[in-house]
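Residue-level listing of the chains:
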Amino acid sequence: MCNAAGAQTPHPRDGAAVTLFKVLTRQGKKPDMAHANREEVLRALDQIIDPVSGRSVVQQDIIQGLVLRDGNVGFAVEVDPRRGREAEPLRLACERAVAALPGVLSVTAVLTAHQDAGPTVPQRPAQPHRAEPPAPAGIPGVNAIIAVASGKGGVGKSTVAANLAIALGQLGLKVGLMDADIYGPSVPRLFDIREKPKTTGKKIIPIEKYGIKIMSLGFLVREDEAVVWRGPMVQSALTQMLSDSTWAPLDILVIDMPPGTGDAQLTISQRVPLRGAIIVSTPQDLALIDARKGLAMFNKTQVPVLGIIENMSTFVCPHCGTESHIFGHGGARNEARKLAVPFLGEIPLVPAIRETSDLGIPIVVQAPDGKEAQAFRAIANAVAASVAIAARQAPRIVLE
Ligand SMILES: Nc1ncnc2c1ncn2[C@@H]1O[C@H](COP(=O)(O)OP(=O)(O)OP(=O)(O)O)[C@@H](O)[C@H]1O
Ligand SMILES: [Mg+2]
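Keep in mind that this is a model prediction, so the values were computed, not measured.

### Observations regarding the overall build of the protein chain
Line of reasoning, step 1. Looking only at helices and strands, the protein chain has 13 helices and 15 strands in total.
Line of reasoning, step 2. Relative to its 400 residues, the protein chain shows a buried fraction of 45%.
Line of reasoning, step 3. For the protein chain, long-range pairs separated by at least 24 residues make up 79% of all intrachain contacts whose partners lie at least 6 apart in sequence.

### Digging into the nonpolar core
Line of reasoning, step 1. With 108 residues, the main nonpolar core has Ile 146 and Leu 164 as its most contacted residues.
Line of reasoning, step 2. The dominant element in this core, judged by the number of residues it contributes, is helix H4 (residues 157–170), at eight residues.
Line of reasoning, step 3. With near-sequence residues (within four places) excluded, Ile 146 lies in contact with Ile 252, Val 254, Ile 255, Leu 274, Arg 275, Gly 276, Ala 277, Ile 278, Leu 306 and Val 387.

### Side note on helix H10 (residues 331–338)
The α-helix advances 3.6 residues per turn, and as a result positions three or four apart in sequence lie on the same side.
Line of reasoning, step 1. Inspection of H10 places Gly 331, Ala 332, Glu 335 and Ala 336 among the buried residues, and these make up the whole buried set. What you see down the axis of H10 is that its buried residues fit within an arc of 135 degrees, all on one side.
Line of reasoning, step 2. Ala 340 sits one or two residues past H10 and shows a positive phi near 55 degrees.

### Here's the deal with the site of ligand 1
Line of reasoning, step 1. Surveying the vicinity of ligand 1 reveals 21 residues, the closest of which are Gly 153, Gly 156, Ser 158, Thr 159 and Pro 259.
Line of reasoning, step 2. Listing elements by their share of the shell around ligand 1, those giving two or more residues are H4, strand S13 (305–316), strand S15 (343–349) and helix H11 (351–359).
Line of reasoning, step 3. Split by residue class, the shell around ligand 1 holds eight nonpolar, 10 polar and three charged.

### Examining the pairing of strand S11 (residues 250–256)
Line of reasoning, step 1. Most of S11 sits out of view: six of its seven residues are buried.
Line of reasoning, step 2. Relative to S11, strand S5 (residues 142–149) runs parallel, the two being bridged by six bridges. Each residue of the ladder has a partner; that of Val 142, found in S11, is Leu 250.
Line of reasoning, step 3. Here strand S6 (residues 175–179) runs beside S11; their pairing, made up of five bridges, is parallel. Bridge pairing in S11 places Asp 179 opposite Asp 256.

### Description of the environment of Ala 237
Line of reasoning, step 1. Within the secondary structure, Ala 237 is located in helix H7 (residues 231–243).
Line of reasoning, step 2. For Ala 237, a count of 24 C-beta atoms within 10 Å corresponds to the buried category.
Line of reasoning, step 3. In sequence terms Ala 237 and Ile 182 are 55 residues apart; their C-alpha atoms lie 8.9 Å from each other.

### Some thoughts on the packing of helix H2 (residues 38–45) against helix H3 (residues 88–99)
When two helices pack together, their arrangement is captured by the angle between the axes and the distance separating the axes.
Line of reasoning, step 1. Between H2 and H3, whose axes approach to 9 Å, the crossing angle comes to 135 degrees. Accordingly, the angle class assigned to the pair H2 and H3 is oblique. The handedness of the crossing between H2 and H3 comes out as right-handed. The residues of H3 that touch H2, namely those facing Val 41, Ala 44 and Leu 45, are Cys 94, Ala 97 and Val 98.
Line of reasoning, step 2. Of the residues contributing to the contact of H2 with H3, the split by class is six nonpolar, no polar and no charged.

### Some details on unusual backbone geometry
Line of reasoning, step 1. A cis amide bond, omega -5 degrees, links Ala 248 with the succeeding residue Pro 249.
Line of reasoning, step 2. On the secondary structure map, Pro 249 appears in the loop between H7 and S11.
Line of reasoning, step 3. Of note, Asp 192 is a non-glycine position whose phi angle comes to about 50 degrees, a positive value.
Line of reasoning, step 4. Looking at the element boundaries, Asp 192 is found in the loop between helix H5 (187–190) and strand S7 (198–200).
Line of reasoning, step 5. With 12 C-beta atoms counted inside 10 Å, the residue Asp 192 sits in the exposed group.

Each value, and the rule that gives it
- Residues numbered from 1 in each chain as written.
- Chains lettered and ligands numbered in written order.
- Predicted model: local features only at pLDDT ≥ 70, side-chain atom pairs only at ≥ 80, totals over all residues.
- Helix = DSSP H or I, 4+ residues; strand = E, 2+ residues; numbered from the N terminus.
- Buried ≥ 20, exposed ≤ 12 C-beta atoms within 10 Å, placed from the backbone.
- Contact = placed C-beta atoms within 7 Å.
- Core = buried A, V, L, I, M, F, W, Y, C linked by C-beta atoms within 7 Å.
- Arc of directions from axis to C-beta.
- Near = placed C-beta within 6 Å.
- Nonpolar A, V, L, I, M, F, W, Y, C, P; charged D, E, K, R; others polar.
- Pairing = 2+ DSSP bridges.
- Axes fitted to C-alpha atoms, helices over the stretch in contact; angles between N-to-C directions.
- Parallel < 35°, antiparallel > 145°, perpendicular 65-115°, else oblique.
- Left-handed = near helix turned anticlockwise from the far one by under 90°.

So, in structure tokens, the structure goes:
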């Protein structure tokens with residue numbers, strides 16, 4: 001196999017991410033130099049021979065989702081799932097070949113499996129009574145995984161996810177928080193975490209703060225690197241962050257979802273064994289329309305919706321204490337009733353929530369006895385109860 005990489009220097013954060021994010025940054029390259037183009041990248045990759053087929057990775061058409069932006073290159077190397085990690089040297093060779101090109105500032109290559117790969121065991125005869133596809137494999141030692149989502153951006157998912165996770169911890173549960181927002185991770189800022197997670201063997205150890213375990217792509221990858229990631233790379237990063245981190249033992253793992261209903265959301269709702277999803281919405285109609293889209297996506301992927309939270313519900317003036325309803329009030333509660341989904345509670349619009357978020361000390365930590373923290377703990381209680389109910393009501397039984 002050709003290895004065009006020569007003496008490349010791994011990115012400084014490589015150690016933390018093990019197989020997850022092998023981002024190579026060439027030392028000595030100037031950011032303003034002319035960037036490599038698609039043809040040059042493909043020519044470099046065409047030199048890499050897959051030892052299994054004897055053909056180049058380009059001839060074999062296993063380079064997928066190639067994206068280039070400002071000298072940052074990303075792509076997936078799609079292999080038969082049976083090869084698994086044995087294909088790692090191939091991935092590395094591809095990455096190094098591209099990193100060696102002039103005008104390449106960073107390279108991210110991930111291994112993904114063929115979508116249409118055949119089964120590794122002989123197929124059993126058709127089972128006419130199969131009621132539901134089997135649930136994706138869980139994370140050993142993690143009792144329940146829940147997603148905090150919304151169709152619309154900026155409604156306060158990350159703020160709610162962070163405070164809710166800590167509040168669940170304050171109830172005595174063992175809690176983890178995973179930031180699944182690849183393009184705009186908020187968790188490092190919300191918790192004021194600047195260090196890298198440590199590793200043990202091939203596992204990443206989530207960072208512990210305020211009594212919970214925390215992981216975010218923002219700990220590992222710069223935003224300008226992640227910006228070139230597309231479909232398969234996002235999927236691979238998310239599923240590996242879930243399964244290659246030492247989460248256990250946990251009662252609840254809260255996932256802070258990115259906005260919208262795109263690749264990352266679908267990956268999580270299809271591939272992660274979610275106990276349920278929580279939809280965050282502001283009270284106004286526009287946000288509610290998007291909340292409905294989020295709800296529809298979870299329904300389609302058969303993830304139970306544990307309920308809706310109304311954020312920025314009532315504005316309480318910090319000077320005179322007068323309440324006003326900037327985005328309206330009660331919209332999410334009414335919507336929940338219409339959609340026959342539980343209403344989990346409301347969080348007021350309070351400057352202190354934003355200020356404490358910006359400081360990296362969420363309000364449930366900064367003012368644990370205040371009204372806002374009480375509102376979060378009431379929601380945490382409702383969530384803990386609904387997680388337990390979802391466990392009893394929705395066993396994914398496959399009838400043989
Ligand atoms: N209840 C609240 N009161 C005051 N400010 C809030 C409240 N909830 C969220 N905010 C502020 O609103 C902004 C957006 O919140 P946040 O980042 O949590 O939203 P998001 O839905 O996660 O956004 P994105 O879609 O970009 O991930 C932040 O500045 C946050 O501090
Ligand atoms: Mg967010």
